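A closer look at the structure
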Amino acid sequence: MDSIERREYIKKLLIKSTKPLKGQQLADELGITRQVIVKDIAILRAKGIDIIATPEGYIINKDGENYYSKILALAHNSDQIKDELQTIIKYGGIVRDVIIDHPLYGEIKAMLMIKNLYDIESFINKFKNHKAEPLLVLTNGIHLHTIFTDNEEQMTQIIEELKSKGYLIEG
């Protein structure tokens, strides 16, 4: 299989998959290195395919057009991350990413794709297991999330509750 056929095969796998696919999993299946997969993903993205790299693997954003989305500016401390995320998913929201504006590097964005309580628990446990800090510690708690909902009413509920908890930065 040449590189063009391989990339087409990867694209088809990602389109059909209902869960993220790890780069190493794809590499093992194709008998190549993970670095080749990273390069193939970059080329597919450059061709306009909306591939998202999450901590669980690669996925294609198939649903973005079917959702109502908004970028929300938020501020809170690390201890309130779980509550913030639970507030968002409580009303059917999906947390696509976290974005910070770093004074040296500019925009730093990490894909999250948090959709349910299990995703939240996994995310929080990764901080503990890796002894890592969330991006918001670099900006005194200020960060952005791209939120998807099925409709505007759900988004309004999320915004109102985040506002009442003091997490939402209003401009």
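The preceding data block contains the structure.
Examining the pairing of strand E4 (residues 94-102)
A regular strand places its side chains so that they alternate between the two faces of the sheet. Of all nine residues in E4, eight are buried, a share of seventy percent or more. Where E4 and strand E6 (residues 142-149) come together, five bridges link them in antiparallel fashion. Its bridge partner being in E6, Val95 is matched across the sheet by Ile147. Relative to strand E5 (residues 106-114), E4 runs antiparallel, the two sharing seven bridges. Opposite Val95, over in E5, you have Ile114 as the bridge partner.

Quick notes on the side chain of His145
Secondary-structure assignment places His145 in strand E6. Side chain to side chain, His145 and Glu84 meet in a polar contact 3.2 Å long. Of the polar contacts made by the side chain of His145, one reaches the side chain of His143; its length is 3.4 Å. Dropping the residues within four chain positions of it, His145 is found in contact with Lys70, Ile71, Leu72, Leu74, Glu84, Leu85, Ile88, Val95, Asp97, Val98 and Leu112.

Quick look at the nonpolar core
Leu72, Leu85, Val95, Ile114, Phe123, Ile147 and Leu162 are the most contacted members of the largest nonpolar core, which totals 22 residues. Once residues lying within four places of it in the same chain are set aside, the contact partners of Ile147 are Tyr68, Ser69, Lys70, Leu72, Ile88, Gly93, Ile94, Val95, Met155 and Ile158. Counting 12 residues, the second-largest nonpolar core is a separate cluster that includes Ile10, Leu26, Ile37 and Ile51.

Let's talk about the side chain of Gln154
Relative to the assigned elements, Gln154 resides in helix H6 (residues 152-164). On the basis of relative accessibility, which here comes to 15%, the residue Gln154 falls in the buried class. Beyond its immediate sequence surroundings of up to four residues, Gln154 is in contact with Tyr91, Gly92 and Thr149.

Definitions and limits used
- Throughout, a residue's number is its position along its own chain's written sequence, starting from 1.
- Local features in a predicted model are, by the rule used here, given only for residues with pLDDT of at least 70; side-chain atom pairs are given and counted only at 80 or more, and totals for whole chains, interfaces and linings are based on all residues.
- Side-chain calculation: all heavy atoms of the structure are included, whereas hydrogens and water are not.
- Working definition: with a 1.4 Å probe on protein chains only, accessible area under 20% of the residue-type maximum means buried, over 50% means exposed, and in between means partly exposed.
- Secondary structure elements follow DSSP: runs of H or I of four or more residues count as helices, runs of E of two or more count as strands, with numbering from the N terminus.
- Following DSSP output, two strands are said to pair if at least two bridges run between them.
- Definition of a polar contact: a pair of N or O atoms within 3.5 Å, with one able to donate and the other able to accept a hydrogen when the atoms are protein atoms, and with sequence-neighbouring residues admitted only if both atoms are side-chain atoms.
- Residue contacts follow a heavy-atom distance rule, with two residues in contact if any of their heavy atoms lie within 4.5 Å.
- By convention a nonpolar core is built from buried Ala, Val, Leu, Ile, Met, Phe, Trp, Tyr and Cys residues, the set being connected through side-chain atoms within 4.5 Å.

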